[in-house]
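Below, each chain spelled out in residue letters.
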Number of protein chains: 2
Amino acid sequence: MKNIQINSSRLWHSLMKMAEIGATEKGGCRRLTLTDLDRTGRDLFVRWCEDAGCEVTVDIIGNIFARRPGKDLNRMPVMAGSHLDTQPTGGRFDGVLGVLAALEVVRTLNDHSVETDAPIEICCWTNEEGSRFSPAMMGSGVFAGIFDIDEILAKEDIDGVRLGDELVRIGYAGDAPVNGHKPESYFELHIEQGPILEAEGNTIGVVTAAQGQRWYEITVTGQESHAGPTPMARRKDALVAASAIVGEVNRIGHAYPPNACATVGFMQVSPNSRNVIPGSVFLTVDFRHPDNDTLSDMDSKIKAFCTQIVDDTGVEVDVVDFWHFPPTPFDEDCIAAVREGAVAHGYDHMDIVSGAGHDAVYLNSIAPTGMIFIPCEDGISHNETENASPRDCAAGCNVLLHAVLERAEKTA
Amino acid sequence: MKNIQINSSRLWHSLMKMAEIGATEKGGCRRLTLTDLDRTGRDLFVRWCEDAGCEVTVDIIGNIFARRPGKDLNRMPVMAGSHLDTQPTGGRFDGVLGVLAALEVVRTLNDHSVETDAPIEICCWTNEEGSRFSPAMMGSGVFAGIFDIDEILAKEDIDGVRLGDELVRIGYAGDAPVNGHKPESYFELHIEQGPILEAEGNTIGVVTAAQGQRWYEITVTGQESHAGPTPMARRKDALVAASAIVGEVNRIGHAYPPNACATVGFMQVSPNSRNVIPGSVFLTVDFRHPDNDTLSDMDSKIKAFCTQIVDDTGVEVDVVDFWHFPPTPFDEDCIAAVREGAVAHGYDHMDIVSGAGHDAVYLNSIAPTGMIFIPCEDGISHNETENASPRDCAAGCNVLLHAVLERAEKTA
């Protein structure tokens with residue numbers, strides 16, 4: 001029974017339907033969390049879940065759970081899902097694949113009239129991307145008790161709009177408690193967002209762990225002044241110092257090959273006028289590595305560099321440790337269930353470490369968790385050209401189905 | 001007669017009244033060109049001019065001329081003025097001083113019932129700052145025939161609002177032709193916006209020339225991708241390349257001491273998300289030097305560096321020569337008139353080269369032109385803390401009065 005196949009064309013059709021909501025000219029998707037487009041996407045997803053016979057609940061942070069009942073009323077649900085929100089210039093698969101593959105699992109079980117012991121729940125987690133409201137992986141973080149719900153509801157976007165107000169506005173401020181039910185286990189199918197599976201010619205990545213991450217917010221304060229008559233020697237140019245920090249972040253990333261990643265993704269210059277020496281710059285740093293000690297080394301290096309910049313240039317540099325989670329190994333049994341699924345279907349597969357954070361990382365702290373990766377074209381993600389093949393999406397979904405059934409049938 | 005004194009407290013009071021329009025918490029001013037606040041400032045200025053008996057006209061680009069008649073109906077007007085618009089986080093004196101000092105000159109002549117041979121015109125030039133609409137020194141540039149009026153009216157701000165529409169909206173799309181009358185001469189009083197007068201203990205800077213300037217717009221195009229799973233070796237990070245350019249601009253500035261200035265004042269990162277490798281960056285470069293050959297060397301250096309960055313990193317770099325004007329010597333007779341004014345009043349003075357561009361630079365191309373500088377505190381300008389003393393403002397205004405009278409009485 002575990003080797004029944006999902007409906008590949010139905011899955012693809014659902015992915016393409018969802019991709020129409022917020023579709024961009026370059027073939028990508030812009031469906032930022034808690035916007036009108038996010039609401040439209042959520043509404044479509046909820047309708048599909050109800051059509052598949054699921055009971056839908058929404059919790060206080062807007063996470064959506066669509067439950068397919070199990071035979072055993074005492075069993076906790078096997079959960080599977082991901083997120084529907086995208087980056088500002090995102091693609092059609094990041095997150096969406098994991099949610100709609102979980103829906104396809106339920107539809108397939110319906111097609112074959114399979115009754116499972118444990119209930120199955122499709123999850124859509126609020127604001128995984130973290131581009132509009134920080135931090136990322138917010139809904140799953142609240143669900144797992146990592147974040148305080150009141151603090152999260154009070155978060156504001158760059159225009160000062162409050163997250164809690166946006167939840168109410170789009171109709172997804174639910175009444176289910178955020179920690180009201182515990183998963184038996186959790187599975188998430190996702191595109192790799194990196195080049196390894198494609199380079200190695202594998203269809204399935206059996207994700208054994210997620211890299212550790214450290215995020216920083218850095219504010220550089222110099223002195224704004226007229227770009228013409230202010231001699232170079234008297235300047236405190238915040239952008240010159242910030243640019244040196246960007247260079248150092250990049251050097252640190254290259255200093256720990258092949259696994260270290262180091263990125264400045266966001267920078268805001270003030271007052272940002274052509275003929276004014278920048279008075280302040282705000283920037284973010286994202287460090288990742290599978291080994292926590294290396295991550296600590298990277299942390300020391302950037303902090304030492306920022307201290308040096310202050311000494312050298314007289315600008316002020318404020319470094320805030322914004323977010324840190326150590327490398328996360330996933331559950332052995334869940335990893336095994338994923339690997340068995342790949343073997344059972346005859347897919348080429350390999351073990352892999354996730355470079356990105358995923359909702360699965362937080363779920364892993366409260367329940368046995370596993371992840372499945374499939375290749376994405378040229379390893380490109382968080383980009384409108386992000387692409388994955390119908391064949392690979394279907395393969396990932398078949399492995400998800402296998403793993404979910406393994407857990408839902410497992411003796412409790 | 002040329003040594004009559006202006007009314008220092010009236011000048012200061014007018015400056016402080018104007019500073020209330022767009023006043024910021026930090027004591028500065030935010031009165032961006034062609035905004036509602038700019039209209040309020042213009043309206044106040046026009047009322048003051050009419051109260052002083054002047055006839056006010058507005059030309060097609062919104063420049064305001066307030067005319068005090070002369071005895072000789074055939075004489076062209078001696079003009080004096082500057083601008084009322086400010087930087088986004090600007091100060092209370094940059095531009096405003098030159099306009100209100102010219103008004104104070106007229107008020108003083110009224111007080112003493114002085115009739116001049118030539119008429120005197122107070123000028124307020126549209127959009128000198130260039131922060132909302134580029135390029136800077138727009139109104140004086142159109143007046144001097146440097147810019148094409150239709151091209152300028154079609155300029156858009158960052159929100160896509162058209163300059164011509166904003167002129168109409170705030171009621172300053174006048175009907176006077178842009179080159180309808182030629183000045184006999186032009187004088188502009190301005191804060192130095194640099195540290196030299198203060199450091200040397202001088203009250204008056206006799207401005208002999210303005211530095212040459214080269215402005216560039218640079219677009220760096222890399223490839224946006226997920227910051228987690230994209231290995232360092234496979235990245236084309238536009239911000240890393242842009243930051244290297246910022247560093248090089250700064251090095252070029254330091255390579256030609258003491259007069260070279262080199263600034264990146266504006267930078268926009270796309271998509272500007274914490275966990276996305278930046279796909280593109282737009283930035284501006286501002287080079288200044290009093291010697292044109294040196295400016296050409298600086299030009300060669302930044303272009304060579306950008307070519308090198310392309311070769312080294314694989315990003316694309318597009319460099320646009322956005323604006324260039326060579327170093328501008330002012331008119332010998334006007335310089336002499338300013339110097340004589342400083343001597344006549346017994347002010348400590350020195351010759352100085354303007355680091356900033358000013359409306360006077362464009363006026364200089366169609367009429368004999370001179371400029372007067374006074375110190376500003378710590379040399380800081382384009383900053384909310386920009387400051388000048390009532391005493392120095394009055395001194396500059398007395399010199400302006402002297403120079404204007406010298407020209408208005410001069411045999412035509």
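Note that this is a predicted model, so its numbers are computed, not measured.

(A) Layout of the relation of the copies chain A and chain B. Expressed as a screw operation, the relation of chain A to chain B combines 0.0 Å of axial shift with a rotation of 180°, fitting to an RMSD of 0.1 Å. Both chain copies can therefore be described as sitting about a two-fold axis. Among all C-alpha atoms of chain A, that of Ser243(A) lies closest to the rotation axis, at 2.3 Å. When the interface residues of chain A are mapped onto chain B, 98% of them are again interface residues, pointing to one common binding face.

(B) Spatial organisation of the interface of chain A and chain B. Facing the 63 residues of chain A at the interface are 62 residues of chain B. Buried area between chain A and chain B, summed over both chains or domains, comes out near 5,400 Å², and the portion from carbon and sulfur atoms is 54%. Interface area lost by chain A to chain B is led by His226(A), Met232(A) and Arg274(A), which between them contribute 16%. Between the two partners, chain A and chain B, sit two salt bridges. Between Glu217(B) and Arg274(A) there is a salt bridge; the shortest N-O distance is 2.7 Å. At the surface where chain A touches chain B, the tally comes to 28 residue pairs in polar contact (both at pLDDT 80 or more).

(C) Structural context of the domain arrangement of chain A. All names here are of chain A. Parsing chain A into structural domains produces domain 1 (8-211 + 327-409) and domain 2 (212-325). The gap between the C-alpha centroids of domain 1 and domain 2 is 33 Å. Contacts between domain 1 and domain 2 engage 16 residues on the former and 14 residues on the latter. Buried surface at the junction of domain 1 and domain 2, summed over both partners, amounts to about 1,000 Å²; 63% is from carbon and sulfur atoms. Across the domain 1-domain 2 interface, the total number found is zero salt bridges. At the junction of domain 1 with domain 2, the criterion picks out two residue pairs in polar contact (both at pLDDT 80 or more). For the side of domain 1 that touches domain 2, a count of residues per class yields eleven nonpolar, five polar and no charged.

(D) Highlighting the pattern of salt bridges. All names here are of chain A. Across all of its chains, the model carries 44 salt bridges over all chains by this definition. Between aspartate 117 and lysine 71 there is a salt bridge; the shortest N-O distance is 3.6 Å. Taken together, the residues aspartate 117 in the loop between α3 (96-111) and β4 (120-124) and lysine 71 in the loop between β2 (64-68) and β3 (78-82) connect sequence positions 46 residues apart. In this structure, aspartate 321 and lysine 303 form a salt bridge, with 2.8 Å as the shortest nitrogen-oxygen distance.

(E) Layout of the packing of helix α2 (residues 36-51) of chain A against α3(A). All names here are of chain A. Remark: α2 packs on α3, axes separated minimally by 10 Å, with the N-to-C direction vectors making an angle of 15°. What the angle tells us is that α2 and α3 run roughly parallel. Relative to α3, the crossing made by α2 is left-handed. In this structure, α2 uses Phe45, Trp48 and Cys49 to contact α3, whose residues at the interface are Val99, Leu100, Leu103 and Arg107. For the contact of α2 with α3, the per-class residue count stands at six nonpolar, no polar and one charged.

(F) A look at α2(A). All names here are of chain A. A rise of 1.5 Å per residue sets the reference length of α2, with its 16 residues, at 22 Å; its end C-alpha atoms lie 23 Å apart and thus fit the reference within 8%. All of the buried residues in α2 are Asp38, Gly41, Arg42, Leu44, Phe45, Val46, Trp48 and Cys49. Buried residues in α2 make contact with α1 (8-19), β1 (55-58), β2, α3 and β4. Among the residues trailing α2, glycine 53 stands out with phi positive, at a value near 85°.

(G) Inspection of unusual backbone geometry at higher detail. Residues and elements named next belong to chain B. Cis geometry marks the peptide bond from proline 257 to proline 258; its omega dihedral reads -5°. Following the sequence through the fold, proline 258 ends up in the loop between α8 (238-255) and β9 (261-263). Between serine 270 and proline 271 the backbone carries a cis peptide bond, its omega angle lying at 0°. Not every positive phi belongs to a glycine, and histidine 382 is a case in point at roughly 50°. Mapped onto the elements of the fold, histidine 382 is located in the loop between β16 (369-374) and α12 (390-409). On the basis of relative accessible area, histidine 382 is assigned to the buried category, the value being 2%.

(H) Broad picture of the packing of aromatic side chains. Residue and element names in this part refer to chain A. Under the criterion given, the structure shown has 22 aromatic pairs over all chains. Grouped by ring-pair contacts, the aromatic residues Phe147, Trp215, Trp323, Phe325 and Tyr362 constitute a single cluster. Sitting above the plane of the tyrosine 172 ring, arginine 42 keeps its charged end 4.9 Å from the centroid.

(I) Structural view of the nonpolar core. In this structure, Phe45(B), Leu100(B) and Leu400(B) are the most contacted members of the largest nonpolar core, which totals 101 residues. With eleven residues, the top contributor of residues to this core is α12(B). Mapped onto the domain boundaries, this core takes at least three residues apiece from domain 1 (8-211 + 327-409) and domain 2 (212-325) of chain B. In contact with Leu100(B), not counting residues within four places along its chain, are Leu11(B), Ser14(B), Leu15(B), Met18(B), Phe45(B) and Trp48(B). Judged by nonpolar contacts, the second largest core, of 99 residues, contains Leu100(A), Ile122(A), Ala210(A) and Ala337(A).

(J) Just the layout of surface pockets, in detail. Its boundaries defined by the atoms lining it, the largest pocket holds a volume of some 1,400 Å³. In this structure, the largest pocket is lined by 50 residues; those nearest its centre are Gln268(A), Asn272(A), Ile158(B), Gln268(B) and Asn272(B). Among the secondary structure elements, those contributing two or more residues to the lining of the largest pocket are β10 (267-270) of chain A together with β10 (267-270) and β12 (280-289) of chain B. By residue number, the principal contributor to the lining of the largest pocket is β10(B), which donates four residues. The residue makeup of the lining of the largest pocket, split by class, is 19 nonpolar, 16 polar and 15 charged. The volume enclosed by the second largest pocket comes to roughly 310 Å³. Breaking the lining of the second largest pocket down by element, the ones donating at least two residues are α8 (238-255) and β15 (349-354) of chain A. The biggest single contributor to the lining of the second largest pocket is β15(A), with three residues. Classifying every residue of the lining of the second largest pocket by side-chain character gives 13 nonpolar, nine polar and one charged.

(K) Region of interest: the pairing of strand β1 (residues 55-58) of chain B. All names here are of chain B. Here β1 runs beside strand β2 (residues 64-68); their pairing, made up of four bridges, is antiparallel. Along β2, the bridge assignment pairs valine 58 with isoleucine 64. Counting the residues in the hairpin turn of β1 and β2 gives five residues, including glycine 62, whose phi is positive at 90°.

(L) Highlighting the packing of α1(A) against helix α12 (residues 390-409) of chain A. Residue and element names in this part refer to chain A. Running from N to C, α1 and α12 point in directions that differ by 110°, and their axes come no closer than 9 Å. Taken as axis vectors, α1 and α12 run roughly perpendicular relative to one another. For the pair formed by α1 and α12, the contact residues are Ser8, Leu11, Trp12 and Leu15 on the first element and Pro390, Cys393, Ala394 and Cys397 on the second. When the residues that make up the contact of α1 with α12 are grouped by side-chain class, the tally is seven nonpolar, one polar and no charged.

(M) Spatial organisation of the side chain of Thr126(B). In this fold, Thr126(B) is placed in the loop between β4 (120-124) and α4 (138-143). In contact with Thr126(B), not counting residues within four places along its chain, are Thr33(B), Leu34(B), Arg42(B), Ile61(B), Gly62(B), Asn63(B), Met138(B) and Gly139(B).

(N) Geometry of the confidence of the model for chain A. Mean pLDDT for chain A: 95, with 99% of residues reaching 70 or above. On the interface metric, ipTM, the complex scores 0.75, and its pTM is 0.74.

(O) Here's a closer look at the environment of Glu104(A). All names here are of chain A. In this structure, glutamate 104 sits in helix α3. Glutamate 104 gets classed as buried once you look at its relative accessible area, which sits at 0%. Sequence separation of glutamate 104 and isoleucine 122 is 18 residues, and the distance between their C-alpha atoms is 9.7 Å. The residues touching glutamate 104, leaving out its near neighbours within four places in the chain, are Ile6, Asn7, Arg10, Leu11 and Cys397.

Conventions adopted
- Residues numbered from 1 in each chain as written.
- Chains lettered and ligands numbered in written order.
- Predicted model: local features only at pLDDT ≥ 70, side-chain atom pairs only at ≥ 80, totals over all residues.
- Heavy atoms only, no water.
- Least-squares fit on C-alpha atoms with pLDDT ≥ 70 in both.
- Contact = heavy atoms within 4.5 Å.
- Buried area = accessible area lost by both parts, 1.4 Å probe.
- Salt bridge = Lys/Arg side-chain N within 4 Å of Asp/Glu carboxyl O.
- Polar contact = N/O pair within 3.5 Å; in protein donor to acceptor, adjacent residues only side chain to side chain.
- Domains from an automatic or database assignment.
- Nonpolar A, V, L, I, M, F, W, Y, C, P; charged D, E, K, R; others polar.
- Helix = DSSP H or I, 4+ residues; strand = E, 2+ residues; numbered from the N terminus.
- Axes fitted to C-alpha atoms, helices over the stretch in contact; angles between N-to-C directions.
- Parallel < 35°, antiparallel > 145°, perpendicular 65-115°, else oblique.
- Left-handed = near helix turned anticlockwise from the far one by under 90°.
- Expected span 1.5 Å × (residues − 1).
- Buried < 20%, exposed > 50% of the residue type's maximum accessible area, 1.4 Å probe, protein only.
- Phe/Tyr/Trp six-rings, centres within 6.5 Å; stacked < 30°, edge-to-face > 60°.
- Lys NZ or Arg CZ within 6 Å of the ring centre and 35° of its normal.
- Core = buried A, V, L, I, M, F, W, Y, C linked by side-chain atoms within 4.5 Å.
- 1 Å grid on protein atoms, 1.4 Å probe; cavity = no way out; pocket = protein on both sides within 12 Å on 5 of 7 lines; lining within 4 Å.
- Points joined across faces, edges and corners; volume = space filled by probe spheres on them.
- Pairing = 2+ DSSP bridges.
- pLDDT = per-residue confidence, 0-100.

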